[in-house]
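# Structural description and commentary
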Amino acid sequence: MTEQLIVENLVKYYPVKGGIIPHTVAQIKAVDGVSFTIEGGTTLGLVGESGCGKSTIGRQIVALEKPTSGSIIFDGEDITNLSSDQLQKKRTRLQMVFQDPYSSLNPRKKVFHILADPMIHHHICTKEDAPAKVDELLDMVGLHRSAKDRFPHEFSGGQRQRIGIARALALNPSLIVLDEPVSALDVSIQAQILNLLKDLKTKLGLTYLFIGHGLGAVRYISDRIAVMYMGKIVEMADADTLFSHPLHPYTKALRDAAPVPDPTLRDAVHEALSGEVGSVMDIPVGCRFQNRCPYARPECGSVEMALIEAEPGHFVACPYTAINTQGVSGTSTMSGTQFMADTQSVSGSDKSDTSNSDRQEKGGAAHV
Amino acid sequence: MIKLKPVNTPSSPSSTYNQQIMRRFFKHKLAVISLIFLCVIILLSVLAPLIAPYDPNRITGGFSQAPSAEHWLGTDQSGRDVLSRLLYGTRISLLVGFMATLISTVIGVVLGLLSGYFGGWLDMVIMRITDMVMSFPYILLVLVAAAIFEPGLTNIILILGFVDWPGVARLVRGNVLSLRETNFVKSAEVAGMSKWYILFSEILPNTVAPILVYATSVFALSILDEAALSYLGMGVTLPTASLGNMLNGAESLTILTSKPWLWVPAGSLIILLALSINFIGDALRDAVDPTSTK
């Protein structure tokens, strides 16, 4: 498999203007050095809480926003610095499905025009073949063909999202950024849309970047999952690995935050995270998760955490858990071994409740 | 109003956006009456050559005669038939109002679209010009312009057209600013559509309703301005009749008090026209406002 999308060290800062003479007084670090790759025909899930920068990454990949620095290599070509002409051509290969199906369709246009106009513009079909192509697209997303003569407001949320997917498919893309495509839908509809997306992926050989905050949906559709926290990826692994034994404390907290359907298990451990997400304008030195981390230690406040490969294909931005799992691997920015002894108790196994005793002690957070 | 309908019966005819607007519009009785009135007036003025009893510029009777069987609304100070002049004058006034509105709306829409969508220095320049035009005393600006260019039908249309656009420009700019952040515009960008397609096919159709509402008030205002200018002798020049210059006679107190047929018809027609256009505008605004519950 080849890498279809390579994102390297992507950074997006938004300047905050202020003062009597407007100038940049601060920067919002929405995305702060993110790297990942997506193999052709696979799905990468990107999860994290609101404001962690996951949508910003998606918008940069489809060139709605220009990165502050870093590169996005799509099909072997860096798309961050293309001229607008070159970009227009590339755009058909890179499409996006938006979160809110109510605002993503022009209320004054019939479905036919929503789907046909981009195809005609890019010479994918002529005006004469357009109706046939539109029928084909509607069939593909499971809508009645008569839908093309109607306006978006005549459809339900799920149907609108199908139109949104059809619009993305219209240009024969190879990569689709799905920006929380099911978050705005009813639970019963979510499954339908997820299944549709899965089917389309196999049928058309698509590559997905699936952005979401509900772990259930992300796990269902993704081959690999990257977990983001405050503009950085903190853990990345195969979907099953990530769920069966998450390494980063934040991933564990995310997993445990998901509601448990079985009432008999409801009381089992599952400690909620305390504290608030820090401000992206004032990012702490060192680990960004340190204020909320149950296992935080003094070193966390001084050293920037780099992603290290704890086991093959499993990356984590926390040296303690990583070292513990694997002995030593990857390159940590820290001098690894000195922490080995303590990490033992912190995250020794994949049972989420191992470290209860440790959590109680964590108040002082310093037991090195 | 929310209408539930079964999702799998796409064949059922559904009410389009335009039908909804029509339905809400026709709930305003006053606006419907105004619309009928306006249509009748427009029809009469368009058909003036056919129905006017006399040539509006020919002297057909004595000076300032009171209404009679021959001259239903009497004759003016030069002995011309007031009814005929009223029909032709309405024609001119409506023409001036319509053309001036058209010009100012087109200018305002184009500038507002450019300003709102492209932003940056272009927005800055356009908005400062808008502020400048808006900050001039309106009637003074029009009078000076009318004095510089010769008064006449074409010039009065151009002058009014070039003075009324800032309001439209601001309105459109504001709409564009919010529309360009919507996901459907973003998705058109992702689809690689051209800027002109996005501006005229995605954004413009979604601002038509507020533009239309605003244009009605500009229309009413233009008719009033034409009347004011013509009354002051700076607008449509005699012998061409317009509703404004038909009021000239009312300058003298004796006419004002003792010969009402010289000014009452034109004066009341101006008021009724402006009023009915404004009523229509009000109803339109309610009709296109999706949050209105009327």
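I will try to describe carefully the structure that is included in this document. (Residues numbered from 1 in each chain as written. Chains lettered and ligands numbered in written order. Predicted model: local features only at pLDDT ≥ 70, side-chain atom pairs only at ≥ 80, totals over all residues. Heavy atoms only, no water.)

## Brief notes about the packing of aromatic side chains
Residue and element names in this part refer to chain A. Applying the stated criterion across every chain, the model contains seven aromatic pairs over all chains. Considering the side-chain rings of Tyr250 and Phe289, the 5.2 Å spacing of their centres and the 65 degrees angle between planes classify their relative orientation as edge-to-face. With Tyr250 in helix α9 (residues 249-257) and Phe289 in the loop between α9 and β11 (308-311), the pair connects residues that are 39 residues apart, well separated along the chain. An identical accessibility class is assigned to Tyr250 and Phe289; each is buried. (Phe/Tyr/Trp six-rings, centres within 6.5 Å; stacked < 30°, edge-to-face > 60°. Helix = DSSP H or I, 4+ residues; strand = E, 2+ residues; numbered from the N terminus. Buried < 20%, exposed > 50% of the residue type's maximum accessible area, 1.4 Å probe, protein only.)

## With respect to the sheet that holds strand β9 (residues 224-229) of chain A
Residue and element names in this part refer to chain A. Strand order across the open sheet formed by eight strands is β6-β7-β8-β3-β9-β10-β12-β11, with mixed pairing between neighbours. Here the strands that pair on one side only, and so sit at the sheet edges, are β6 (94-97) and β11. Averaged over all pairs of adjacent strands, the angle between their axes in this sheet comes to 25 degrees, without regard to strand direction. The sheet contact formed by β6 and strand β7 (residues 175-179) spans four bridges and is parallel. Of the residues in β7, the one forming a bridge with Met96 is Val177. (Pairing = 2+ DSSP bridges. Axes fitted to C-alpha atoms, helices over the stretch in contact; angles between N-to-C directions.)

## Let's talk about the pairing of β11(A)
Residues and elements named next belong to chain A. Across three bridges, β11 lies against strand β12 (residues 314-316) in antiparallel orientation. Each residue of the ladder has a partner; that of Glu309, found in β12, is Phe315. Between β11 and the antiparallel strand that follows it, β12, lie two residues; Gly313 among them carries a positive phi value of about 80 degrees.

## Regarding the pairing of strand β10 (residues 232-238) of chain A
Residue and element names in this part refer to chain A. Judged by how many residues are buried, β10 sits mostly within the fold: six of seven residues are covered. In this structure, β9 lies alongside β10, joined through six bridges in antiparallel fashion. Bridged to Met228 within β10 is Ile233. Between the end of β9 and the start of β10, which pair antiparallel, lie two residues, with Met230 showing a positive phi angle near 45 degrees. Here β10 runs beside β12; their pairing, made up of two bridges, is antiparallel. Directly across from Glu235, in β12, lies its bridge partner Val316.

## Some words on the environment of B:Gln77
For B:Gln77, the location among the structural elements is in the loop between α3 (48-51) and α4 (82-118). Judged by its relative accessible area of 41%, B:Gln77 is partly exposed.

## Re the packing of helix α3 (residues 111-121) of chain A against helix α5 (residues 157-170) of chain A
Residue and element names in this part refer to chain A. Axis separation between α3 and α5 bottoms out at 9 Å; the angle between their running directions is 15 degrees. Considered as vectors, α3 and α5 are oriented roughly parallel to each other. For the pair α3 and α5, the sense of crossing is right-handed. Of the residues in α5, those in contact with Val111, Ile114, Leu115 and Met119 of α3 are Ile163, Ala166, Arg167 and Ala170. Here the residues of the contact of α3 with α5 sort into seven nonpolar, no polar and one charged. (Parallel < 35°, antiparallel > 145°, perpendicular 65-115°, else oblique. Left-handed = near helix turned anticlockwise from the far one by under 90°. Contact = heavy atoms within 4.5 Å. Nonpolar A, V, L, I, M, F, W, Y, C, P; charged D, E, K, R; others polar.)

## Quick word on the environment of B:Arg24
Residues and elements named next belong to chain B. When you line up the elements, Arg24 lands in helix α1 (residues 17-25). According to the relative accessible area criterion, Arg24 is buried, its value standing at 17%. In this structure the C-alpha to C-alpha distance between Arg24 and Asp289, which are 265 residues apart in sequence, comes to 9.7 Å. Of the polar contacts made by the side chain of Arg24, one reaches the backbone oxygen of Ala287; its length is 2.8 Å. (Polar contact = N/O pair within 3.5 Å; in protein donor to acceptor, adjacent residues only side chain to side chain.)

## Focus on the interface of chain A and chain B
With 31 residues of chain A in contact, the opposing surface of chain B contributes 26 residues. Here chain A meets chain B over a buried area of about 2300 Å², counting both sides, of which 52% is carbon and sulfur. Inspection of the chain A/chain B interface yields one salt bridge. Looking at the side of chain A that touches chain B, the elements with two or more residues in it are α2 (84-91), β6, α3 and α5 of chain A. Residue composition of the side of chain A that touches chain B, by class: ten nonpolar, twelve polar and nine charged. (Buried area = accessible area lost by both parts, 1.4 Å probe. Salt bridge = Lys/Arg side-chain N within 4 Å of Asp/Glu carboxyl O.)

## Observations regarding the nonpolar core
All names here are of chain A. Counting residues in each nonpolar core, the largest one holds 66 residues, and the members touching the most others are Ile165 and Phe210. If sequence neighbours within four positions are ignored, Ile165 has contacts with Val97, Val141, Ile193, Leu196, Leu197 and Leu200. Membership of the second largest hydrophobic core comes to 32 residues, among which are Leu5, Leu10, Cys52 and Ile72. (Core = buried A, V, L, I, M, F, W, Y, C linked by side-chain atoms within 4.5 Å.)

## With respect to helix α2 (residues 29-46) of chain B
Helix length check: α2(B), at 18 residues, gives a terminal C-alpha distance of 26 Å against a target of 26 Å (1.5 Å per residue), a fit within 8%. Among the residues making up α2(B), those that are buried are B:Ala31, B:Val32, B:Ser34, B:Leu38, B:Ile41 and B:Ser45. (Expected span 1.5 Å × (residues − 1).)

## Notes on the packing of α4(B) against helix α7 (residues 153-163) of chain B
Residues and elements named next belong to chain B. Between α4 and α7, the least distance of the axes is 7 Å, while the angle of their chain directions is 40 degrees. The angle between α4 and α7 places the two elements in the oblique class. Between α4 and α7 lies a crossing whose hand is right-handed. Taken together, the residues of α7 that come into contact with α4 (itself represented by Ile92, Leu95, Val96, Met99, Ala100, Ile103, Ser104 and Ile107) are Leu153, Ile156, Ile157, Leu158, Leu160, Gly161 and Phe162. The residue makeup of the contact of α4 with α7, split by class, is 13 nonpolar, two polar and no charged.

## Re α2(A)
Those residues of α2(A) that sit buried are A:Leu87, A:Lys90 and A:Arg91. One side of α2(A) carries all its buried residues, which in axial view fall inside an arc of 100 degrees. The exposed residues of α2(A) that point more than 90 degrees off its buried face are A:Asp85 and A:Lys89. Residues of α2(A) that are buried sit in contact with β4 (69-74), β5 (77-78) and β6 of chain A together with α9 (183-190) of chain B. (Arc of directions from axis to C-beta.)

## Comments concerning the sheet that holds β5(A)
Residue and element names in this part refer to chain A. Pairing within the open sheet is antiparallel, and its four strands lie in the order β2-β1-β4-β5. Edge positions in the sheet fall to β2 (23-39) and β5, since each of these pairs with one other strand and no more. Pairing of strand β1 (residues 3-18) with β4 involves five bridges; the strand directions are antiparallel. Paired with Val7 across the strands is Ile72, a residue of β4. Of the strands in this sheet, β1, β2 and β4 touch helix α1 (residues 54-61), which is tilted by about 115 degrees from β1.

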